[in-house]
Amino acid sequence: MASQAGPAVRPCLIGGDAVATAGSFDVLDPSTGGLLARVARGGAAEIDQAVAAARAASRGWRERSAEARAAVLRRTGALIRRDLDDLADLESHDTGKPLAQARADAGVAARYFEYYASVVEAFFGHTLPDLDGYLAWTRHEPYGVTGHIIPWNYPLQIGARTMAPALAVGNCLVVKPAEEAPLSVLRMGELALEAGLPPGVLNLVPGLGAEAGAALAAHPGIDHLSFIGSVPVGAEVAAAAARNIVPASLELGGKSPHVVLPDADLDLVVPTVVRALLQNAGQTCSAGSRLLVHAEVHEELMGRLDAALSSVRIGPGPQDLDLGPLISARQLARVSAMVETESGTAAPRIGGPGRVPTPPEGFYFPPTVFDRVDPGAEIAREEVFGPVLATSVFKDTAEAIALANGTAYGLIAAVWTRDLDTAHHLATELRAGQVYVNSYGAGGGVELPFGGFAKSGYGREKGFEALAEMCQTKTVVVRVPPRGEVPGQVAR
Ligand code: NAD
């Protein structure tokens, strides 16, 4: 992976300084398969250095007023907006996602910094009422040094989503971007410094998962871990956190269903399902990757989906078409293998490899829809992380609920119906951290608490919940004299 000649190596950012490493790794452009950048290969030594820098900065940052911390976050958001075009271009090259999606991601990244700048000033503790002889209240205190391990699918969005609330409440951070797409997170770190973030408050150590990632997860100087990625690695990170008795939040993806009832408005359903399938080439933790359809509308919906997907334009992210490449040759091999396994049972009903042309270079996979899959099949249970949809048919609401809840995951679900009672019933019964009715948000706005049930993980990101996630509660109790003991006051 490491090599000598070629582009300058992007360094780590530790203690406010650019820090070089002995080795480096190559970052490829998934749209072409060519070399995009060379990045410092941080390891245990750099993680150690970053944790020490964060610890040294901790008191100064946590003791600033919420207003002062918020001002820096707000300026970071403004700088992301100033450089939005450059960040979007970088993200589109680094991840392969169409430029318009990368632009939207950059806007959301800015919004995370702005949102947490605003709400942290209204994030109070509680006063406990009417205690006999005591006055008690709670304070939100930062953990201290927090570790953040970021995936490659939404580096700008997820980077900002995990960093902004942690910074807002006064933590100092060590962040490990994904090796496949680290560039925009490194750039956001530089922008935060430009915005006035003190040195050491935010440290970025790019590197490989088994090296920098594992070193960060196991480091005894880390007080809280946030991980977003796969289930097996999430389990390793949680085990490392448990050994150090520190909390971890895990966001591990899903197999999120659309449940389409017979009275659904298909004019709304079809474009939303298509968007949820194609967005980021299906590499979205909350991708709507299962379509559960009532038998009455199944054939009509499949026909409309076929028509909508027949005109999908596939090509390099910066060309801003409908569908970009997958992130890597490894991800392409993984998606291809899952699709081949299912194709052994039945050919895709819509699209599929060999039937839809894709560019010769780069890591492209065409839209692929399997119909009437066996609910026990891998394609119906496991995250594919590609533009692949698995369809099942149900006859009544009870069967729909059983199918929807029939995987190990529980991140998001969508219910499509005009009937209010059915919508409420399903919103209650579906096992998911978010349920959308007649819409699909792929996580939704920055204000909406987000996180998994079951194997989709635990802990909450976004909204006020993320502030609580990044804090610990301290209860302060002060003895107050009973009324009769106060000089000059008459006991009743
Ligand atoms: P991954 O879990 O291996 O990587 C996610 C992050 O964890 C990266 O930063 C990586 O460097 C780091 N990491 C890897 N090994 C580590 C270790 N031993 N200790 C600490 N950190 C480590 O994910 P992946 O291999 O890139 O993708 C595989 C699958 O994971 C995907 O196909 C998809 O199903 C899932 N995934 C989910 C999400 C999500 O948003 N929930 C994101 C990415 C991948």
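Quick caveat, the model's predicted, so the values are computed rather than measured. Residue numbering note: each chain is counted from 1, following its sequence as written. Restriction of local features to residues with pLDDT of at least 70 applies here, the model being predicted, together with a cutoff of 80 or more for giving and counting side-chain atom pairs; totals for whole chains, interfaces and linings are based on all residues. With hydrogens and water stripped out, all remaining heavy atoms of the structure feed into the side-chain values.

Peer 1: Run through a nonpolar patch on the surface, naming residues and quoting values.
Peer 2: Here a patch means residues that are over 30% exposed by relative accessible area and free of salt bridges, tied together within 9 Å if like-charged and within 5 Å if nonpolar (Val, Leu, Ile, Met, Phe, Trp, Tyr). All accessibility values rest on the Shrake-Rupley procedure with a 1.4 Å probe; residue burial counts only the protein chains present in the view. A pair is scored as a salt bridge if a Lys or Arg side-chain nitrogen falls within 4 Å of a carboxyl oxygen belonging to Asp or Glu. Residues L128, L131, Y134 and V477 make up a contiguous nonpolar surface patch of roughly 350 Å² in combined accessible area. Labels follow the DSSP assignment, with helices taken as runs of H or I lasting at least four residues and strands as runs of E lasting at least two, numbered in each case from the N terminus. Among the secondary structure elements, V477 is positioned in strand 21 (residues 471-479).

Peer 1: Would you mind going over the environment of A454 in detail, with residue names and values included?
Peer 2: Position of A454 among the secondary structure elements: in the loop between strand 19 (434-437) and strand 20 (457-458). Taking the C-alpha atoms as reference, A454 lies 9.3 Å from G433; in sequence the two are 21 residues apart. Apart from residues lying up to four places away in sequence, A454 is in contact with A408, Y409 and R431. We call two residues in contact when some of their heavy atoms are within 4.5 Å.

Peer 1: I'd like a description of the sheet that holds strand 5 (residues 35-40), backed by residues and values.
Peer 2: Within the open sheet, the three strands sit side by side as 1-5-4. Their pairing is mixed. Each edge of the sheet is formed by a strand with only one pairing partner; in this case those strands are strand 1 (9-10) and strand 4 (24-28). Orientation is described by lines fitted to C-alpha atoms, with helices fitted over the stretch in contact, and by angles between N-to-C directions that extend from 0 to 180 degrees. Sheet contacts for helix 6 (residues 183-194): strand 1 and strand 5; angle to strand 5, the most-contacted strand, approximately 55°. Paired strands, in this sense, are two strands between which DSSP finds at least two bridges.

Peer 1: Tell me about the side chain of T407, residues and numbers included.
Peer 2: Structurally, the position occupied by T407 is in the loop between helix 13 (397-404) and strand 18 (412-416). N or O atoms closer than or at 3.5 Å make up a polar contact, with two conditions inside protein: a donor-capable atom paired with an acceptor-capable one, and, for residues adjacent in sequence, both atoms drawn from side chains. There is a polar contact of 3.1 Å between the side chain of T407 and the backbone nitrogen of Y409. The residues touching T407, leaving out its near neighbours within four places in the chain, are K255, R290, A380, R381 and R431.

Peer 1: Report on the sheet that holds strand 7 (residues 134-142), specifying residues and quantitative values.
Peer 2: Taken in spatial order, the three strands of this open sheet run 6-7-21, and their pairing is antiparallel. Looking at the sheet topology across the chains shown, the edges are occupied by strand 6 (127-128) and strand 21. In this sheet, strand 7 lies alongside strand 6 in antiparallel orientation, the contact comprising two bridges. Along strand 7, the bridge assignment pairs T127 with W137.

Peer 1: Describe the pairing of strand 11 (residues 224-228), listing the residues and the values that go with them.
Peer 2: Two faces, one strand: in a regular strand the side chains alternate between the faces of the sheet. Counting buried residues along strand 11, five of its five residues qualify, which places the element largely inside the surrounding structure. Working definition: with a 1.4 Å probe on protein chains only, accessible area under 20% of the residue-type maximum means buried, over 50% means exposed, and in between means partly exposed. With burial as the criterion, each face of strand 11 is covered, one bearing H224, S226 and I228 and the other bearing L225 and F227. Judged from the four bridges that link them, strand 8 (residues 145-149) and strand 11 form a sheet pairing that is parallel. Across the sheet, H148 pairs through a bridge with S226, a residue of strand 11. Pairing analysis gives four bridges linking strand 11 to strand 12 (residues 248-251), with the strands arranged parallel. Its bridge partner being in strand 12, I228 is matched across the sheet by E251.

Peer 1: Lay out the state of the cysteines with the relevant residues and their values.
Peer 2: Criterion for a disulfide: a pair of cysteine sulfur atoms at a distance within 2.5 Å. Applying the stated criterion across every chain yields a total of zero disulfides. Unpaired in terms of disulfides, C172 finds its nearest cysteine sulfur in C471, a separation of 13 Å. Among the residues examined, C172 registers a relative accessible area of 0% and is labelled buried.

Peer 1: Residue-level account of the pairing of strand 4, with values.
Peer 2: Of the strand pairs in this sheet, strand 4 and strand 5 are connected by five bridges, and their pairing is antiparallel. Its bridge partner being in strand 5, L28 is matched across the sheet by L35.

Peer 1: Would you mind going over the environment of G406 in detail, with residue names and values included?
Peer 2: The residue G406 is located in the loop between helix 13 and strand 18 in this model. It is 9.4 Å that separates the C-alpha atoms of G406 and R431, two residues lying 25 residues apart in sequence.

Peer 1: Kindly report on helix 2 (residues 66-82), identifying the contributing residues and their values.
Peer 2: Between the first and last residue of a helix there are one fewer steps than residues, each counted as 1.5 Å, and that sum is the expected span. Spanning 17 residues, helix 2 covers 24 Å between terminal C-alpha atoms, matching the ideal 24 Å at 1.5 Å per step. Those residues of helix 2 hidden inside the fold are in contact with helix 1 (44-62), helix 3 (84-95), helix 4 (99-119), helix 5 (155-168) and helix 6.

Peer 1: Hey, could you go over the site of the ligand for me, with residue numbers and the actual values?
Peer 2: Any residue with a heavy atom positioned within 4 Å of a molecule or strand is treated as near that molecule or strand. Lining the immediate surroundings of the ligand are 28 residues, of which I150, W152, K176, E179 and S230 lie closest. For the ligand, an oxygen atom lies 2.5 Å from a polar atom in the side chain of E179. Between the ligand and the protein, one listed contact pairs an oxygen atom with a side-chain N or O atom of R334 at 2.9 Å. Secondary structure elements with two or more residues in the shell around the ligand: helix 7 (209-218), strand 11, helix 8 (231-243) and helix 11 (329-343). Here the shell around the ligand is composed, by residue class, of 13 nonpolar, seven polar and eight charged. Residues are grouped as follows: Ala, Val, Leu, Ile, Met, Phe, Trp, Tyr, Cys and Pro are nonpolar; Asp, Glu, Lys and Arg are charged; all remaining types, including Gly, are polar.

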